[in-house]
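Listed here are the chains, written in short residue letters.
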Amino acid sequence: MASLEKLIEDSKKGKRRAQGKLIKRFAPALLPVAMRYTSNKSDAEDVLQDAMIKALQKIESYEGKGSFEGWMKRIVVNGALNHNRDSKKHQYHQPLEDNYLQADDEYLESEMEIHPDKLIAMIQGLPEGYRMVLNMYVFEGFTHKEIAQELNISENTSKSQLAKARKNLKNKLERLQNE
């Protein structure tokens, strides 16, 4: 198997075979990222395909600093955000009272095992606003200020969306645990 560095260099030279190998190597790890941001697998596959095309078009800008997978993941996340923005389906809600924002995270410490596909399905089932903020905050490490800027919402709305997402997931996990 060719080294990652060699695949990247060959991809920069426009060698299709190397580009195909890069896609084959990273698509399985990046599909779950796209799925967390979309409501179904078909949309996630579209986001991933668009992101892979963009990554190959912009591969010259990758300078070898940081991980290549991290660079590609960022392209997938940005693609998913753009996809959701373009769909014009955002249904952000009004901020909640501050006392509600004290999220009850005890369920995160539960010893309940859940299959990753089941968890992704639960996240996909969240309303879009909840899903976007949860992904950006929990999985991507964005601050509420950064989320507010990226999604054109207030910081308080970002905080309330996160609290609602956590509460929604907590309820789903409790129902699953009681089954």
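So, here is what we can say about the structure in this document. Bear in mind the structure is a predicted one, so any value in this text is a computation, not a measurement.

The rules behind these values
- Residues numbered from 1 in each chain as written.
- Predicted model: local features only at pLDDT ≥ 70, side-chain atom pairs only at ≥ 80, totals over all residues.
- Heavy atoms only, no water.
- Axes fitted to C-alpha atoms, helices over the stretch in contact; angles between N-to-C directions.
- Helix = DSSP H or I, 4+ residues; strand = E, 2+ residues; numbered from the N terminus.
- Parallel < 35°, antiparallel > 145°, perpendicular 65-115°, else oblique.
- Left-handed = near helix turned anticlockwise from the far one by under 90°.
- Contact = heavy atoms within 4.5 Å.
- Nonpolar A, V, L, I, M, F, W, Y, C, P; charged D, E, K, R; others polar.
- 1 Å grid on protein atoms, 1.4 Å probe; cavity = no way out; pocket = protein on both sides within 12 Å on 5 of 7 lines; lining within 4 Å.
- Points joined across faces, edges and corners; volume = space filled by probe spheres on them.
- Core = buried A, V, L, I, M, F, W, Y, C linked by side-chain atoms within 4.5 Å.
- Buried < 20%, exposed > 50% of the residue type's maximum accessible area, 1.4 Å probe, protein only.
- Salt bridge = Lys/Arg side-chain N within 4 Å of Asp/Glu carboxyl O.
- Phe/Tyr/Trp six-rings, centres within 6.5 Å; stacked < 30°, edge-to-face > 60°.
- Lys NZ or Arg CZ within 6 Å of the ring centre and 35° of its normal.
- Expected span 1.5 Å × (residues − 1).

## What to know about the packing of helix α6 (residues 128-139) against helix α7 (residues 144-151)
Stage number 1. Running from amino to carboxyl end, α6 crosses α7 at an angle of 135°, the nearest separation of the two axes being 10 Å. In terms of orientation, α6 lies oblique with respect to α7. For the element pair α6 and α7, the recorded crossing hand is right-handed. In this structure, α6 contributes M132, V133, M136 and Y137 to the contact, and α7 contributes H144, I147, E150 and L151.
Stage number 2. The class makeup of the residues in the contact of α6 with α7 is six nonpolar, one polar and one charged.

## Structural notes on unusual backbone geometry
Where the residue is not glycine, phi is negative for most of them; where a peptide bond is considered, it is trans in most cases.
Stage number 1. The phi angle at N152 is positive, at roughly 60°, despite the residue not being glycine.
Stage number 2. Looking at where N152 falls in the secondary structure, it is placed in the loop between α7 and α8 (155-178).

## Focus on empty space enclosed by the protein
Once rolled over the atoms, a probe with the size of a water molecule shows which space is left empty.
Stage number 1. Tallying each qualifying case throughout the model produces one cavity of 30 Å³ or more.
Stage number 2. Lining the largest cavity are L22, I23, M52, A55, L56, I59, F68 and M72.
Stage number 3. Elements that contribute at least two residues to the lining of the largest cavity include exactly α2 (16-37), α3 (41-57) and α4 (68-86).
Stage number 4. Per-element accounting of the lining of the largest cavity gives the leading share, three residues, to α3.
Stage number 5. In the lining of the largest cavity, the residues fall into eight nonpolar, no polar and no charged.

## Focus: the nonpolar core
Stage number 1. Counting 46 residues, the largest nonpolar core has F68, M72 and L151 as its most contacted members.
Stage number 2. Counting residues per element, this core draws most heavily on α2, which supplies ten residues.
Stage number 3. Setting aside anything within four residues of it in sequence, one finds F68 in contact with L4, I8, L22, F26, I59 and Y62.

## Considerations on the pattern of salt bridges
Stage number 1. Throughout the structure, instances matching the rule amount to six salt bridges.
Stage number 2. In this structure, D10 engages K15 in a salt bridge whose closest nitrogen and oxygen atoms are separated by 3.8 Å.
Stage number 3. Under the relative-accessibility criterion, D10 is labelled buried at 10%.
Stage number 4. Of the residues examined, K15 reaches a relative accessible area of 41% and is grouped as partly exposed.
Stage number 5. The salt bridge involving E150 is made with R85; its shortest N-O contact spans 3.0 Å. Here the residue E150 occupies a position in helix α7, and R85 occupies one in helix α4, the gap between them amounting to 65 residues.
Stage number 6. With a relative accessible area of 28%, E150 lands in the partly exposed category.
Stage number 7. Residues participating in the shared-partner salt-bridge network are K6, D10 and K15.

## A few points about the packing of aromatic side chains
Stage number 1. One pass over the structure, following the stated rule, counts four aromatic pairs.
Stage number 2. Judged by centre distance (5.4 Å) and plane angle (50°), the ring pair of Y62 and W71 falls under tilted. The burial state of Y62 is the same as that of W71; both residues are buried.
Stage number 3. Here a set of aromatic residues connected by ring pairs shows up, and it is made of F26, Y62, F68 and W71.
Stage number 4. Here the guanidinium or amino end of R36 rests over the ring plane of F139, the centre of that ring lying 4.0 Å away.

## Quick word on α4
Stage number 1. Its 19 residues place the ends of α4 27 Å apart at the C-alpha level, agreeing with the 27 Å of an ideal helix rising 1.5 Å per residue.
Stage number 2. Among the residues making up α4, those that are buried are F68, W71, M72, I75, V76, V77, A80, L81 and N84.
Stage number 3. Of the surrounding elements, those touching the buried residues of α4 are α1 (4-12), α2, α3, α6 and α7.

## Re the environment of G129
Stage number 1. Locating G129 in the fold gives a position in helix α6.
Stage number 2. Given the relative accessible area of 1%, G129 is considered buried.
Stage number 3. Residues G129 and L151, spaced 22 residues apart in sequence, show a C-alpha to C-alpha distance of 9.3 Å.

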